[in-house]
Structure formats: structure tokens, C-alpha cells
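Each chain, written out:
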Amino acid sequence: MPITHPNRWKQPARTGADRQHEVVTALKAVLTSNGVRWTPEQTAPYECDGLPAYRQRPLAVALPENEAQVQAVLRVCHQLKVPVVARGAGTGLSGGAMPNAQGVTLSLAKFNRILKIDPLARTARVECGVRNLAISEAAAPFGLYYAPDPSSQIACTIGGNVAENSGGVHCLKYGLTVHNVLKVKGFTVEGDPVEFGSEALDAPGYDLLALVTGSEGMLAVTTEVTVKLLPKPKLARCIMASFPDIQSAGRAVAAVIAAGIIPAGLEMMDQPMTIAAEAYVHAGYDLEAAAILLCESDGTPEEVAEEIGRMKAVLNAAGASQLAVSRSEEERLRFWSGRKNAFPASGRISPDYMCMDSTIPRKRLADILLAIGEMQKKYQLRCVNVFHAGDGNLHPLILFDAGESDQMERAKRFGADILETSVRMGGTITGEHGVGVEKLNSMCVQFSPEERAAMLAVKHAFDPLGLLNPGKVIPTLHRCAEYGQMVVHAGKTAFPELERF
């Protein structure tokens, strides 16, 4: 039986005000009086996530208060064949939570309870709307914490972290969300309860937990997550290493890993980014350096002292012009404050910015930064760079002014160029921000038609009608064909196997 593209859900015959009235009436029957929003003023706050370049107001917003209401909303929408887009805090950066114009935005903001902290099993069972940082705050009295720490951890929710497989500055040593989640509970698009994973060391059958983690709300709606907790390290110290050029900084990253050292964090910032961050938080950065690395070690005092010594030797041999080691916890946090506040710091120097997300092999760090430098000239836009250097996850921030002529369009082309260049260098189009709507065209560059068809088959198995987050992540064959023609007509191929950087 041929698989119909699940993003091409059939729009009902009734549209406009009649359709909205039908959907709102059905939702009111299963939610409280204030659990449904549908007026333009009420739906405007939901029109985008952390990527405001893409906006769309939903037909209605549902705000369930418990799992029974989530189930009821999904059953109503499935019966009416209405698309559903689940939303947490809206901090995503790829348009993954952008509403569907003919669909319902399912806000899970009220699911913010920490259900259980088990210090003996070192686990936390939380609702999907619990903030990332709140888990560590709740576990702190037991000497435990939750390791993945996205820069948005004060606001982003664990359900969104599961959807995007989020990382953070400490993901090199402690892993991404997928490595720190034990079990996910939720509902299928039909409203049937479902569980993925187990609190045991392994779960029977296929590893569907890994499949759902990072699926961007395409396969199921998450309501509850069980995560691993780790003992808080007794000590952490951070090296701030300055380099006279980005090539030596890139070589230093590869040298640290090659020496068998897995730092708790290994981050790079280029000079424009350090200047912006320093003006914002006064972290004590070396503003003369072309690039700085932040290299952290944690563990027992003896382990940290030994690892800091080894890292200093490697960094000096790689050409570091200056090294500073944090002497207190306050100074360590200050070193990290610039990195954690890179995005708001960029917002202070530009009316708008677009944060990209791709990965490359560590050995190509200098190459991609040099390429981005050339792109700045090509697109006549500035770009500041900060990234998880240890695992090659880039976060270039393209600066532009949406109010000026075609700057937003140039920013989008700049971003696509970064993604395609990353693929040509042996990398991927996303590390932790997801595909959403932002990178649909780039999926045509990364994956073959056969690979995309396989992804569609998985989507179809979970969601035959294509009602969950339609139009995201997996592009249609028609869209890829159009994109290929567009790029070829622009004078270059869209397919990495046909050209080399």
C-alpha cells in the first residue's frame, strides 16, 4: 500500500469562521471555560516560537490541565481531522512550535509539577512543562542535578527538550537529552496512552524512546518524563584560553580530545562574540584574542587538579596566547556567564538575529569559521559565532534588521549556506535545535529521496493522517524538487555529493 505524505493532510471542506466555530465548540465541551482561546488577541502570543521569522496564528489554542483533558483534546481533533501542534515554553529556535493555520495549538504550560524525586534511584519524574533548571533546583537538597543544560534552561521545558533532543554546554561529557531520559509518557494522535522506555536499565522491544526523543512533536504528545539525576561534582574549575587566530583555537579543540581528555564543557567563541558578551555581562574575557575556549573540568579536587594540568599543557602546545583558570566558584560562573548569555548579548548589538545550528567534524572548526567570514562579505551581513566546540555543534548568529529592505531574506540565504557548507564538510544540518520549518529546504540537501521516504514511513506508522505537527521536519518530494531547481538556477548545486568545499 503506497504511503501518502502525512504532511499533506486533506483540508476539510468547511473552512473559515464555520470551521473555527465547530472546533472551538468541540473543545469547550472537553475543557474548562478558560481552557480554549480563539480570538486574534488570544492567539497572537502563540504565533511563533523563538524563531519569529516564521509566524502563523492557530485556529484555536487548547490549554488542558490534566492528562484526561489532553486525551480528550486529541480525540476531538482526530475525530474532526484537525491538525495539532504541541507547545511548551515556546523557546525553540527552528519554528517547530509554529501553529498550523487550520489547526489547534495544544499548550502544555500547565503541566509544571515535579511528581517525584527519588534520591536512591537517582531519578526525577516530572510533567512535561517543568523547566529544565527547576529539575536541578528540586534535586539539589539531595546533592543531585540534571545534567543537560541548554542556554535557555531557565525557561525551556523538559517536554521541549525531549522533542528537540536538547544538549547544552556540558553535553560533551554528560550527553544529550536522549542519554539522560529513562521514560516518556504521553498520547498518540488518536488519544491512546503510550509509554516509551523504562525505569529499568533496558526496555523490551525496539528502542522507541530514542526514536521519540528528537522527533519534534511528530509522533506523539509527551505529558510526563522520567530523567536520570547525577551527583553534583565536588569541584569544578574552568580554563579560559585565548588564541591569536581561529586556526590554532580549532586545532586546540581537536588536540584536547585527541589527548584522551573529555572536559565537562568545551566551548568556543570568536572575537566579535566575546566583545558583545563582555559588554553585556563583564565576564572578564580577553578582547584581544581572535577566539577563546572555555574548558571545564569537574569531579573530586584531585581529579580536577590533574585534568586541569593536562588541559593547560595541551592548550599551551596548541598555541594559546593566554590562560586563566577560575580560582573560585564565583569566577567559574562568571566565565560561563558570557557563553550562557550569548544570545541576549547579540540582541543588544543588532535589531534582529537568526541563530543557526549545525554540526561539523571537530577538525573542520577553523574551516567553517573562515567560510562564514567569506559569507559575511557575500551576503553583506555580520555574524558572531559561539558553539559547542567539543562536539562540533555550531551556533552562528546572523545579525540583521528585519525593517531594512531584503535583510531578512539575505539572512535566511546566509543561514542556508552555512547549513549546506556544514554538510559538504561532513557534518549535519542540525545538532540540537531541530528542523522545524526553518530547515525544510536543507533536509533536501542532507538526505536522499529514499532516506526521506523512510522517515515518512515512520511518521505514517505513528500518525497515518499526518495530524501531528504537519508541514514540519520532513519536506515533500515536490518541495525538494523545487528547492533543487532554485539552487541550481542560482548557479550552484543543492546536492553535496556533486561539489566540495
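The notes below deal with the structure included here. (Residues numbered from 1 in each chain as written. Predicted model: local features only at pLDDT ≥ 70, side-chain atom pairs only at ≥ 80, totals over all residues. Heavy atoms only, no water.)

### Some thoughts on the overall build of the chain
And then number 1: Counting its secondary structure elements, the chain contains 17 helices and 19 strands.
And then number 2: Relative to the 2.2 N^0.38 estimate, which gives 23 Å for 501 residues, the radius of gyration of the chain is 23 Å and therefore close to what a compact globule would have.
And then number 3: Taking all 501 residues of the chain together, the buried fraction comes to 54%.
And then number 4: Taking the contacts inside the chain whose residues are at least 6 apart along the sequence as the reference set, 72% of them involve residues at least 24 apart.
And then number 5: Averaging the coordinates of the 50 positive side-chain charges in the chain and doing the same for the 54 negative ones gives two points 2 Å apart. (Helix = DSSP H or I, 4+ residues; strand = E, 2+ residues; numbered from the N terminus. Rg over C-alpha atoms; globule rule 2.2 N^0.38 Å. Buried < 20%, exposed > 50% of the residue type's maximum accessible area, 1.4 Å probe, protein only. Contact = heavy atoms within 4.5 Å. Lys, Arg positive; Asp, Glu negative; His and termini not counted. Charge placed at Lys NZ, Arg CZ, Asp CG, Glu CD.)

### With respect to the sheet that holds strand 2 (residues 60–62)
And then number 1: Reading across from one edge, 1-2-4-3 is the order of the four strands in this open sheet, with mixed pairing throughout. Single-partner strands in this sheet number two, and they are strand 1 (36–37) and strand 3 (84–87).
And then number 2: Inspection of the sheet shows strand 1 paired to strand 2 by two bridges, in the antiparallel sense. Along strand 2, the bridge assignment pairs R37 with V61. (Pairing = 2+ DSSP bridges.)

### Some thoughts on the side chain of E127
And then number 1: Along the chain, E127 falls in strand 6 (residues 123–127).
And then number 2: A distance of 3.0 Å separates a polar atom in the side chain of E127 from a polar atom in the side chain of R113.
And then number 3: Discounting chain neighbours no more than four positions away, the residues touching E127 are K110, F111, N112, R113, L115, I158, T223 and E224. (Polar contact = N/O pair within 3.5 Å; in protein donor to acceptor, adjacent residues only side chain to side chain.)

### Some thoughts on the environment of R452
And then number 1: Tracing the sequence through the fold places R452 in helix 16 (residues 449–462).
And then number 2: On the basis of relative accessible area, R452 is assigned to the buried category, the value being 5%.
And then number 3: On a C-alpha basis, the gap between R452 and I474 in space is 6.8 Å, while along the polypeptide they are 22 residues apart.
And then number 4: Within the local environment of R452, its side chain forms a polar contact with the backbone oxygen of F447, the two atoms lying 2.6 Å apart.

### Looking at the sheet that holds strand 9 (residues 193–197)
And then number 1: The strand order across the open sheet formed by five strands is 5-6-10-8-9, and the pairing between neighbours is antiparallel. With one partner strand each, in any of the chains shown, strand 5 (114–118) and strand 9 form the two edges of the open sheet. Averaged over all pairs of adjacent strands, the angle between their axes in this sheet comes to 10°, without regard to strand direction.
And then number 2: When strand 5 meets strand 6, the two strands line up antiparallel, connected through four bridges. Paired with I117 across the bridge in strand 6 is A124.
And then number 3: Of the strands in this sheet, strand 8 (181–187), strand 9 and strand 10 (221–228) are in contact with helix 3 (residues 67–80), which crosses strand 10 at around 140°. (Axes fitted to C-alpha atoms, helices over the stretch in contact; angles between N-to-C directions.)

### Comments concerning the packing of helix 1 (residues 16–28) against helix 3
And then number 1: Relative to each other, helix 1 and helix 3 sit at 150°, their axes nearing to 10 Å. It follows from the interaxial angle that helix 1 and helix 3 lie roughly antiparallel. Considering how the two elements wind past one another, helix 1 and helix 3 form a crossing that is right-handed. Where helix 1 approaches helix 3, its residues R19, E22, V23, A26 and L27 are matched on the opposing element by V73, V76 and L80.
And then number 2: When its residues are assigned to classes, the contact of helix 1 with helix 3 shows six nonpolar, no polar and two charged. (Parallel < 35°, antiparallel > 145°, perpendicular 65-115°, else oblique. Left-handed = near helix turned anticlockwise from the far one by under 90°. Nonpolar A, V, L, I, M, F, W, Y, C, P; charged D, E, K, R; others polar.)

### A few points about helix 8 (residues 246–258)
And then number 1: Relative to the 18 Å expected for 13 residues at 1.5 Å per residue, helix 8 spans 18 Å between its end C-alpha atoms, a close match to the ideal helical length.
And then number 2: Next to the buried residues of helix 8 lie helix 6 (171–174), strand 12 (235–243), strand 13 (265–270), strand 14 (291–299), helix 10 (301–317) and helix 13 (365–379).
And then number 3: N-cap assignment for helix 8: the residue whose side-chain oxygen lies 3.2 Å from the backbone N of Q247 is D245.
And then number 4: Of the residues trailing helix 8, G260 is marked for its positive phi of about 85°. (Expected span 1.5 Å × (residues − 1).)

### Remarks on the packing of aromatic side chains
The geometry of an aromatic ring pair comes down to the distance between the two centres and the angle between the two planes.
And then number 1: Evaluated as defined, the whole model comprises four aromatic pairs.
And then number 2: Relative to Y174, the ring of Y145 lies with its centre 6.4 Å away and its plane at 85°, an arrangement referred to as edge-to-face. You can see Y145 sitting in strand 7 (residues 144–145) and its partner Y174 sitting in helix 6, a full 29 residues away along the chain.
And then number 3: Between Y379 and F414, the ring centres sit 5.3 Å apart and the planes meet at 20°, which makes this aromatic pair stacked. Taken together, the residues span a long stretch of sequence, with Y379 in helix 13 and F414 in helix 14 (residues 407–424) at a distance of 35 residues. In terms of burial, Y379 and F414 fall into one category: buried.
And then number 4: Above the plane of the ring of Y54 lies K412, whose end atom (NZ or CZ) is 4.6 Å from the centre. (Phe/Tyr/Trp six-rings, centres within 6.5 Å; stacked < 30°, edge-to-face > 60°. Lys NZ or Arg CZ within 6 Å of the ring centre and 35° of its normal.)

### Examining the state of the cysteines
And then number 1: A full pass over the atoms with the stated rule returns one disulfide.
And then number 2: Across the disulfide, C444 is cross-linked to C480 (sulfur-sulfur distance 2.0 Å). Where C444 bonds to C480 through sulfur, the torsion about that S-S bond is close to -85°, and the disulfide is left-handed. Within this pair, whereas C444 is found in helix 15 (residues 440–446), its partner C480 is found in helix 17 (residues 477–489), the two being separated by 36 residues in sequence.
And then number 3: The structure places no disulfide on C171, whose sulfur is separated from the nearest cysteine sulfur, that of C156, by 13 Å.
And then number 4: Under the relative-accessibility criterion, C171 is labelled buried at 8%.
And then number 5: Note on C383: no disulfide assigned, nearest cysteine sulfur contributed by C355 at a separation of 9.3 Å. (Disulfide = S-S within 2.5 Å.)

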